[in-house]
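Spelled out from the first residue to the last, the chains are:
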Amino acid sequence: MIKLFKTNEEYFNWHEKNQQKTIGFAPTMGNIHNAHLSLLEQALIENEVGIISIYVNPTQFGEGEDFDAYPRTLSDDIEKIKTLESKYNKDIIIYAPRETDIYPQGFTNYLKAHQIAADLEGDLRPTHFDGVVTVVARLFEIIKPHKSYFGKKDYQQLKLIELMAREHYPQVEVKGMPIIREPNGLAMSSRNNYLSPAQKDEALALRNSLLAVSKEIEKGASINEIKELIQNLKTDKKLNYLDLKSAIDFSPLNEIKKPIVILGNYQIGSTRLLDNVEVL
Ligand code: AMP
């Protein structure tokens, strides 16, 4: 059965009566696409109840970013989520709260993201990850999930949420899920809606750069050779960054030591797109 809760009170009433059930939780900002659904599906596979939240979190948007323009499509989202109802025959909860449910008057519990927030996305969006870890902590506090599901598309975010959970919510298991792509290879994103078909093709340059680096690593290139390749690829001025990190703790690499994640951000008009490739 699908339930839609738009206030904490409705959710708390349900939770009180269902304390014994295991809860898998996938937080989203809505404008649901197949990648979001894949997180909810995994939650339903591994738990008795699957919960998906839909909340466009103001504190993770910087000044001049697309908070107002961000697509809000709740009724379409509900229809997409409904397609999973018969497949799993389990309770699905859509939690689409008001701002006052997340940030009640006088809210003070703002968190600071770990130091690995400082570069890459954090460099482009200095307050973004503080807002992300704050809202996820707040959602964990309200929903009380056993397991939570996040996409590897937002790899730096995933690492920061793992660190936040380890410190503040060690009882919640954080799971990183594979990147879901469009047929042409573009990573799915609600922000792809801002792109024309030609721009979607153009955006594939990001994935091609990431794959070029991973191919050289697989072939045994040294860190200096990889750094040189990255410098060459960066002559494409649409690349906001292209870098590689340890896939374990996101530390910078002085040598090629797997597992590695290669991450990039690509500018198409005013839209910034993310993608990454793991070399395991
Ligand atoms: P968002 O609604 O963009 O905040 O994303 C909600 C969740 O879906 C986050 O955990 C994202 O990492 C995840 N997600 C978004 N796009 C993808 C994708 N293409 N593949 C895998 N996970 C994704």
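These numbers were taken from a predicted model, which means no experiment stands behind them.

## Quick look at the sheet that holds strand 4 (residues 91-95)
- Reading across the sheet, the six strands line up as 1-4-3-2-5-6 and stay open at both edges, with parallel pairing between neighbours. At either end of the open sheet lies a strand with only one pairing partner, and these are strand 1 (2-5) and strand 6 (173-177). When the angles between neighbouring strand axes are averaged without regard to direction, this sheet yields 25°.
- Sheet analysis places strand 5 (residues 147-151) next to strand 6, joined by five bridges and oriented parallel. The partner of Gly 151 across the bridge, within strand 6, is Met 177.
- Against the sheet, helix 7 (residues 128-143) engages strand 2 (23-28), strand 3 (49-54), strand 4 and strand 5, with an angle of about 145° to strand 2.

## Re the site of the ligand
- Met 29, Gly 151, Asp 154, Ile 180 and Met 188 are the nearest of the 17 residues found near the ligand.
- Here a nitrogen atom of the ligand sits 2.8 Å away from a polar atom, N or O, in the main chain of Ile 180.
- Between a nitrogen atom of the ligand and a main-chain N or O atom of Met 188, the distance comes to 2.8 Å.
- A total of 480 Å² of accessible area belongs to the ligand in isolation, and the protein chains cover 93% of it.
- Secondary-structure elements contributing two or more residues to the shell around the ligand are strand 2, helix 2 (34-46) and strand 5.

## Looking at empty space enclosed by the protein
- Applying the stated criterion across every chain, the model contains one cavity of 30 Å³ or more.
- In this structure, the largest cavity encloses a volume near 50 Å³.
- Lining the largest cavity we find Leu 186, Ala 187, Ala 203, Leu 206, Arg 207, Leu 273, Leu 274 and Asp 275.
- Of all elements in the fold, only helix 10 (204-218) and strand 9 (271-279) reach the threshold of two or more residues within the lining of the largest cavity.
- A per-element tally of the lining of the largest cavity places strand 9 first, with three residues.
- Along the lines of polarity and charge, the residues of the lining of the largest cavity split into six nonpolar, no polar and two charged.

## Some words on the packing of aromatic side chains
- Scanning all chains against the criterion turns up twelve aromatic pairs.
- Ring centres of Phe 61 and Phe 67 lie 5.3 Å apart, and the angle between their planes is 65°; on these two criteria the pair is classed as edge-to-face.
- With a relative accessible area of 22%, Phe 67 lands in the partly exposed category.
- An aromatic cluster is built from Phe 5, Tyr 11, Phe 12, Trp 14 and Tyr 95, whose rings are joined through pairwise contacts.

Cut-offs and rules
Residues numbered from 1 in each chain as written. Predicted model: local features only at pLDDT ≥ 70, side-chain atom pairs only at ≥ 80, totals over all residues. Heavy atoms only, no water. Pairing = 2+ DSSP bridges. Helix = DSSP H or I, 4+ residues; strand = E, 2+ residues; numbered from the N terminus. Axes fitted to C-alpha atoms, helices over the stretch in contact; angles between N-to-C directions. Contact = heavy atoms within 4.5 Å. Near = heavy atom within 4 Å. Polar contact = N/O pair within 3.5 Å; in protein donor to acceptor, adjacent residues only side chain to side chain. Areas by Shrake-Rupley, 256 points an atom, 1.4 Å probe, with all protein chains shown as cover. 1 Å grid on protein atoms, 1.4 Å probe; cavity = no way out; pocket = protein on both sides within 12 Å on 5 of 7 lines; lining within 4 Å. Points joined across faces, edges and corners; volume = space filled by probe spheres on them. Nonpolar A, V, L, I, M, F, W, Y, C, P; charged D, E, K, R; others polar. Phe/Tyr/Trp six-rings, centres within 6.5 Å; stacked < 30°, edge-to-face > 60°. Buried < 20%, exposed > 50% of the residue type's maximum accessible area, 1.4 Å probe, protein only.

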